[in-house]
Amino acid sequence: MVLYCFLLLIVTIFLYESCKSVNIKTRKYLLIVAFITMTFVSGLRDNVGTDYGMYKAFFINSQNLEIFTITLEPLFTITAKITHSLFGNQYFTMFLTFSIVIHYYIFKNAISYSERNYYLTIFLFFAFGFFFSSMNIIRQWVAIVLTIEAAKNFINDEKVKGIIYYIFAILNHYSAILVFPFLIVGFLIKKNKTRLII
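Summarised in this report is the structure supplied together with it. Predicted, not measured: the structure shown is a model, and the values here were computed from it. (Residues numbered from 1 in each chain as written. Predicted model: local features only at pLDDT ≥ 70, side-chain atom pairs only at ≥ 80, totals over all residues. Heavy atoms only, no water.)

### Some thoughts on the overall build of the chain
The helix and strand tally for the chain stands at 10 helices and 0 strands. When the helices and strands of the chain are placed in sequence order, the string is α-α-α-α-α-α-α-α-α-α. With the C-alpha coordinates aligned to their principal axes, the bounding extent of the chain is approximately 55 × 45 × 25 Å. Contacts in the chain between residues far apart in sequence, at least 24 positions, make up 65% of those at least 6 positions apart. Put simply, the chain shows about 11,500 Å² of open surface, and 71% of that area lies on carbon and sulfur atoms. Both charge centroids of the chain, one from 17 positive and one from 9 negative side chains, sit 8 Å from each other. (Helix = DSSP H or I, 4+ residues; strand = E, 2+ residues; numbered from the N terminus. Contact = heavy atoms within 4.5 Å. Areas by Shrake-Rupley, 256 points an atom, 1.4 Å probe, with all protein chains shown as cover. Lys, Arg positive; Asp, Glu negative; His and termini not counted. Charge placed at Lys NZ, Arg CZ, Asp CG, Glu CD.)

Next comes the structure, spelled out in structure tokens:
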């Protein structure tokens, strides 16, 4: 836990300095360092999280797994199979791959939400325990960040991209289907508002 508290401090300092820097190169450098620090600490962990052993076992046996099953989502299985084919039994590569995906979209959305105060978003991601949660329920977190990206695309009228992201989210964790009614309601509200403006 001391390591993660130290990580929170370091990442927050880097991101704060990045937000306040007037030099674009310095901002990008500090942002990249913070991203790499978070991603590698998460991705290269060992035996952290109650589901760690399960994911490790899935990875090691991934070549024997069926892609389409009720119990395991196909996108996760495909990712595990590809990673296993490339790196052999180096199971940390799968954790690192998913860590990169999760943190890329967390950082991307934090920056798009507030270009000058994104350090607060990342700090809250730590403070509310989401960082630790993302090291445990990995498939769910990949589905969450992809669903958020899908919703953003729908809001920006990029429907095709939104559909693709949402399908990827479902294929990574079936629970993403539960968000579908909310996406439809949001789309209808946006559509009706557009009609009222016209």
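### A look at the environment of M94
Relative to the elements of secondary structure, M94 occurs in helix 5 (residues 92-113). Separated by 59 residues in sequence, M94 and N153 place their C-alpha atoms 27 Å apart. If we skip the residues at most four places from it in the chain, M94 touches Y55, F59, F76, A80 and T83.

By themselves, these figures tell us nothing about what the structure is for.
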